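Survey of secondary and tertiary structure
The primary structure of each chain is shown beneath.
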Amino acid sequence: MRILNLMKTAWKAILLNKVRTLLTMLGIIIGVASVIAMLAIGEGSKESIKTQISSMGSNMINIRPGADMRGGVRLEASEMQSLKLADYNALKEQATLITDISPQVSGSGQAINGANNWPTSIYGVAPSYADIKKYEIEDGSMFTDAEVKSSAKVAVIGQTIVENLFPNGEDPVGKMIRFDTTPFKVIGVLSEKGENTFGQDQDDIILAPYTAVQKRILAIDYLQTIVASAINEEKAPDAVEQISEILRKQHNITGEEADDFNVFSMEELISTFSSTSEMLTVLLVAIASISLLVGGIGIMNIMYVSVKERTREIGLRMAVGGKGSDILMQFLIEAILMSITGGLIGVSLGLLATFLIENIAHWPTSVTSYSIIISFAVCAITGIFFGWYPARKAAALDPITALRYE
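Rules and cut-offs
Residues numbered from 1 in each chain as written. Predicted model: local features only at pLDDT ≥ 70, side-chain atom pairs only at ≥ 80, totals over all residues. Heavy atoms only, no water. UniProt positions renumbered as here; feature names shortened; annotations may be inferred. Helix = DSSP H or I, 4+ residues; strand = E, 2+ residues; numbered from the N terminus. Buried < 20%, exposed > 50% of the residue type's maximum accessible area, 1.4 Å probe, protein only. Contact = heavy atoms within 4.5 Å. Patch = residues over 30% accessible without salt bridge, like charges linked within 9 Å, V, L, I, M, F, W, Y side chains within 5 Å. Areas by Shrake-Rupley, 256 points an atom, 1.4 Å probe, with all protein chains shown as cover. Salt bridge = Lys/Arg side-chain N within 4 Å of Asp/Glu carboxyl O. Core = buried A, V, L, I, M, F, W, Y, C linked by side-chain atoms within 4.5 Å. Arc of directions from axis to C-beta. Axes fitted to C-alpha atoms, helices over the stretch in contact; angles between N-to-C directions. Left-handed = near helix turned anticlockwise from the far one by under 90°. Nonpolar A, V, L, I, M, F, W, Y, C, P; charged D, E, K, R; others polar.

As named in an unreviewed UniProt entry, the protein chain is Putative ABC transport system permease protein, taken from Pustulibacterium marinum. On record in UniProt, under Sequence similarities (unreviewed entry), the comment for the protein chain is "Belongs to the ABC-4 integral membrane protein family." For the record of the protein chain, the UniProt heading Subcellular location (unreviewed entry) holds the text "Cell membrane".

As structure tokens, then:
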């Protein structure tokens, strides 16, 4: 009951100066709203990155020639040719932690159909490539292993190719197109996938048997990449190790010798992007939290003013038997109430800002319960921290001196 009475008294004191109280809470309101919005943007971007990478194949494994190229070091021509068809066959036969595997070679050029042409890339792959990369056939069919063995000039095309080579809406299946000077028969059309995480159009693609692309377009006998799909995401790290062991045996690499290939999973890519996103989120939240600090200082300042203005009231309450602890609690409760009220308004504004960001700016957002809980906890701590000293000062006033205060 004592606490309830103190809260009522504190609330009445706050309402006596509505404008001043609102201005005092402004820093808390802006800080909480900013923190919630920034955390929502950070979580949304992290989830969006995971979703988009998963759409490319979350358990996909890439095997590339040369040592780890992610540092941007230029490789010698011989190092770029270290992956051979024998490596693909060895992995296909020996790797037990993968479900699908496909060679990949690619080249850029002009896709042509009559008077229509479009600059694009052709990918030489195996039939399993569509499953690894999560492509679905919308019309027609994927080429077969028999067509790969015979180096058949058949192709499966993406929606962007369809739109640019067949602008009048005709069915491309069964039609002949050319990639530069090489003719290909369209046997299938891929379902639309849109852009990936890197802004690359996943529908601007032509898939053909890797043997046909190797012989008829690139004139090479090595593989540029091998892509595989692990049994599941949890097994991807083990699959990476198993693939590395098989390739080291294939390439006669022993002891401390450096690999002439590098293997990495999409899980590593997701982890890298997620950690980068988390760092940016922490930075944004730290910047937004400055408003909370400013708001806390504002509360301390206004509580000092309030103590000065109500010195005679404090003295009178002490003179009629009021305890210093009651005075302390009253001013402390006032500070906490201002802080929490500001937090409530800030949470509402933060949720509104998140809604507007997602629906107007079209940025991915995700409001988590912990961001709201943290905001309230910070508000309460701010009220206690910045309200304690002014409240302690009010409680320590000498009643006689306080009654004489003008």
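Moving on from the coordinates now.
1. Some thoughts on the side chain of Ser366
The topology assignment puts Ser366 in the loop between helix 11 (324–361) and helix 12 (369–395). For Ser366, a relative accessible area of 15% translates into the label buried. Excluding residues within four positions of it along the chain, Ser366 makes contact with Leu39, Ala40, Glu43, Gly44 and Glu47.

2. So, a nonpolar patch on the surface
On the surface, a nonpolar cluster with roughly 560 Å² of combined accessible area is contributed by Ile345, Leu349, Leu352, Phe355, Leu356 and Ile360. Its place among the elements puts Ile345 in helix 11.

3. Let's talk about the nonpolar core
Counting 64 residues, the largest nonpolar core has Ile63, Phe143, Ile157, Ile206 and Leu207 as its most contacted members. It is helix 8 (residues 236–250) that contributes the most residues to this core, six residues altogether. If we ignore the near neighbours within four places in the chain, the residues touching Phe143 are Val125, Ala126, Pro127, Val148, Val154, Val156, Ile187, Leu207, Ala208 and Pro209. Ranked by size, the runner-up nonpolar core spans 30 residues in total, among them Ala10, Ile302, Phe331 and Leu337.

4. Thoughts on helix 10 (residues 311–319)
By the burial criterion, the buried members of helix 10 are Thr311, Ile314, Gly315 and Met318. Axial view of helix 10: buried residues confined to an arc of 100°, hence all on one face.

5. Overview of the pattern of salt bridges
With the rule as written, the count across this model stands at two salt bridges. Linking Lys84 and Asp221 is a salt bridge whose minimum nitrogen-to-oxygen distance equals 4.0 Å. Linking Lys84 in the loop between strand 1 (60–65) and helix 3 (85–94) with Asp221 in the loop between helix 7 (210–218) and strand 9 (225–230), this pair joins segments that are 137 residues apart in sequence. Residue classification places Lys84 among the partly exposed positions, given a relative accessible area of 33%.

6. A short note on the packing of helix 10 against helix 11
When two helices pack together, their arrangement is given by the angle between the helix axes and the distance between those axes. Closest axis-to-axis distance for the helix 10/helix 11 pair is 10 Å, and the angle between their directions is 145°. Of the two possible hands of crossing, helix 10 and helix 11 adopt the one that is right-handed. Residue-level contacts link Glu313, Ile314, Arg317 and Met318 of helix 10 to Gly324, Ile327, Gln330 and Phe331 of helix 11. Residues of the contact of helix 10 with helix 11, tallied by class, amount to four nonpolar, two polar and two charged.

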